[in-house]
Amino acid sequence: MGRLPRPRPARLGEKLLQIREALGLSQNGMLRVLGFADAIDRSAISDYENDVREPPLPVLLEYARAANVYIDALVDDEADLPKKLPTRVKGGGVKKQAR
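Keep in mind that this is a model prediction, so the values were computed, not measured.

About the criteria used
Residues numbered from 1 in each chain as written. Predicted model: local features only at pLDDT ≥ 70, side-chain atom pairs only at ≥ 80, totals over all residues. Heavy atoms only, no water. Axes fitted to C-alpha atoms, helices over the stretch in contact; angles between N-to-C directions. Helix = DSSP H or I, 4+ residues; strand = E, 2+ residues; numbered from the N terminus. Parallel < 35°, antiparallel > 145°, perpendicular 65-115°, else oblique. Contact = heavy atoms within 4.5 Å. Nonpolar A, V, L, I, M, F, W, Y, C, P; charged D, E, K, R; others polar. Patch = residues over 30% accessible without salt bridge, like charges linked within 9 Å, V, L, I, M, F, W, Y side chains within 5 Å. Areas by Shrake-Rupley, 256 points an atom, 1.4 Å probe, with all protein chains shown as cover. Salt bridge = Lys/Arg side-chain N within 4 Å of Asp/Glu carboxyl O. Buried < 20%, exposed > 50% of the residue type's maximum accessible area, 1.4 Å probe, protein only.

(A) A look at the packing of helix 1 (residues 12-22) against helix 3 (residues 42-49). Packing of helix 1 against helix 3 brings their axes to within 7 Å, and their N-to-C directions diverge by 125°. If you check the angle between helix 1 and helix 3, you find them oblique. Residue-level contacts link G13, E14, L16, L17 and R20 of helix 1 to I45, Y48 and E49 of helix 3. Residues belonging to the contact of helix 1 with helix 3 are distributed by class as follows: four nonpolar, one polar and three charged.

(B) Looking closely at a nonpolar patch on the surface. On the surface, a nonpolar cluster with roughly 250 Å² of combined accessible area is contributed by L57, L61 and I71. Along the chain, I71 turns up in helix 5 (residues 71-75). Looking at I71, the relative accessible area reads 32%, which means it is partly exposed.

(C) Highlighting the pattern of salt bridges. Summed over the entire model, instances satisfying the criterion amount to seven salt bridges. A salt bridge links R6 to E54; the nearest nitrogen and oxygen atoms lie 2.4 Å apart. With R6 in the segment before helix 1 and E54 in the loop between helix 3 and helix 4 (57-67), this pair connects stretches of sequence that are 48 residues apart. Measuring nitrogen to oxygen at the nearest pair gives 2.7 Å for the salt bridge that ties R11 to D80. On the criterion of sequence distance, the pair formed by R11 in the segment before helix 1 and D80 in strand 1 (residues 79-80) is long-range, its members being 69 residues apart. Given the relative accessible area of 15%, R11 is considered buried. Salt bridges linked by common partners bring R6, R8 and E54 together as one network.

(D) Quick look at the packing of helix 2 (residues 27-34) against helix 3. Contact geometry for helix 2 and helix 3: axes closest at 8 Å, N-to-C directions at 95°. In terms of orientation, helix 2 lies roughly perpendicular with respect to helix 3. On the side of helix 2, the interface is formed by Q27, N28, M30, L31 and L34, while helix 3 contributes R42, I45, S46 and E49.

What follows is the structure, given as structure tokens:
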């Protein structure tokens with residue numbers, strides 16, 4: 001019996017890019033903030049932002065901490081990140097408005 005690949009969040013890459021840009025960081029700067037400068041190559045950040053690769057859970061956790069949002073705000077395609085990042089009060093994202 002085969003295994004189906006697990007579903008991937010469709011908007012994860014755009015949210016990771018949004019966080020990095022809101023923090024005013026380069027890809028190398030983002031690695032330093034995440035605490036993975038010695039473990040992950042800069043090209044991995046580009047791959048995450050362009051949905052080429054999905055980041056491991058510890059990396060997602062550090063992105064959420066850097067933006068001061070709950071991790072579900074990153075992986076929930078029905079939620080938008082707050083407009084101002086990092087948030088002053090930890091947030092879970094904003095539910096998308098019907099368009």
